[in-house]
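# Structure assessment
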Amino acid sequence: MAFVELHAASAFSFLRGASFPEHLAKRAAELEMPALALLDRNGIYGTQRFSMAAREHKVRPITGAEIAMEDGSMLPVLVATKIGYANLCTLLTEAHLRSEVKGECAVRWNELPEFSKGLIVLLGASATEIRAQQLVDVFGRENLYIEIQRHFLRGEERRNRALIDLASKFRLPILATNGVQYARPRGREVLDIFTCIREHTHLDFAGKLLTQNAERHLKSDVEMRTLFRDLPDAITNTERIADRLEFSLENIGYDFPDF
């Protein structure tokens, strides 16, 4: 089974992603990736452009989003079905409607049960036993994956070990992603500029606000298998999940109003 990146952000994750959706799709094709998931922050703004570009490059586009929760944590979700797409759109719409700050929103935890059907959730850095149990109760164990990333950062493996232990305790599968923010390594420079704009500072004073390296780019199957050679199932699970995600914008259909 080939590695599938299931957590990538584009420039439509305003100032948090550095590549256009088309560039991500093209790079995925160059890496012979069978599918790619676009999870922009708090929206599906780039989904249409990404879907069209991915199909042109013979890469299957996967829809999702990274949604901000009311406690400040981020919850990456993947759309499995048409109902899941409707539920994700509803969650995002309601959160944006009650937000008083343009471009910012927060989904409430108590909203998830009503709109959980058709969605698969990734639980990563913010994982706790309480949160894992809550998400298992809401989405079901079969729709929750523990997400692990490796970017050669200090303290990263300690957090990953805690995530692996959590997965074992709750009998949850592990998933490897690269938390992609740009198509190629040089995109890190663009992201640094965007970070400075977002934080109202400039490169000389940004310091730890900037990423520590350029590892958050699309990586090949070989690179990811090497990186997770001790956790082969984390790679295999990426294509297993991709095969479950049947939703496509191509068959969403649309009924025009009957005036």
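Scroll up for the structure.
Position numbers for residues count from 1 along each chain, tracking the sequence in the order it is written. Restriction of local features to residues with pLDDT of at least 70 applies here, the model being predicted, together with a cutoff of 80 or more for giving and counting side-chain atom pairs; totals for whole chains, interfaces and linings are based on all residues. Computation of side-chain values: all heavy atoms of the structure, hydrogens and water removed.

What follows covers the overall build of the chain. Numbered from the N terminus, helices here are DSSP runs of H or I no shorter than four residues, and strands are runs of E no shorter than two. Helix and strand content of the chain: nine helices and seven strands. Here the C-alpha coordinates of the chain stretch approximately 55 × 40 × 40 Å along the principal axes. We call a residue buried when its accessible area falls under 20% of the maximum for its residue type, exposed when it is over 50%, and partly exposed in between, using a 1.4 Å probe and counting protein chains only. Expressed as a percentage of the 259 residues in the chain, the buried residues total 53%. Contacts were defined at the residue level, with two residues in contact if any of their heavy atoms lie within 4.5 Å. Contacts in the chain between residues far apart in sequence, at least 24 positions, make up 73% of those at least 6 positions apart. Note that accessible areas follow from Shrake-Rupley with a 1.4 Å probe, and for residues the cover is restricted to the protein chains shown. Accessible surface for the chain amounts to roughly 13,200 Å². Of this, 52% is attributable to carbon and sulfur atoms. All tallies of charge rest on Lys and Arg as positive and Asp and Glu as negative; His and the ends of each chain are not included. The location of each charge is read from NZ of Lys, CZ of Arg, CG of Asp or CD of Glu. Averaging the coordinates of the 33 positive side-chain charges in the chain and doing the same for the 36 negative ones gives two points 4 Å apart.

We now examine helix 6 (residues 187–199). Helix span, as expected, comes to 1.5 Å for every residue beyond the first. A rise of 1.5 Å per residue sets the reference length of helix 6, with its 13 residues, at 18 Å; its end C-alpha atoms lie 18 Å apart and thus fit the reference within 8%. Two residues or fewer past helix 6, His200 is found with a positive phi of approximately 55 degrees.

What follows deals with the packing of aromatic side chains. Ring pairs shown here join Phe, Tyr and Trp side chains whose ring centres sit within 6.5 Å, with only the six-membered ring taken for Trp; geometry is labelled stacked below 30 degrees between planes, edge-to-face above 60, and tilted in between. Evaluation of the coordinates by the stated rule reveals two aromatic pairs. Summarising the aromatic geometry, the rings of Phe14 and Tyr45 are spaced 5.5 Å apart at their centres and angled 45 degrees between planes, so their arrangement reads as tilted. Taken as a pair, Phe14 in the loop between strand 1 (5–8) and helix 1 (21–30) and Tyr45 in the loop between strand 2 (35–41) and helix 2 (47–56) lie far apart in primary sequence, 31 residues in all. Owing to a relative accessible area of 39%, Tyr45 belongs among the partly exposed residues under this scheme. The interplanar angle of 15 degrees and the centroid separation of 4.7 Å between the aromatic rings of Tyr85 and Phe247 together place this pair among those described as stacked. Note that Tyr85 is positioned in helix 3 (residues 82–98) and Phe247 in the segment after helix 9 (232–244), a separation of 162 residues in sequence.

Counting residues in each nonpolar core, the largest one holds 60 residues, and the members touching the most others are Leu36, Ile67, Leu75, Leu112 and Leu135. One finds Ala37, Ile120, Tyr145 and Leu245 within the second-largest nonpolar core, a separate group that totals 15 residues. To form a nonpolar core, buried Ala, Val, Leu, Ile, Met, Phe, Trp, Tyr and Cys residues must be joined to one another through side-chain atoms within 4.5 Å.

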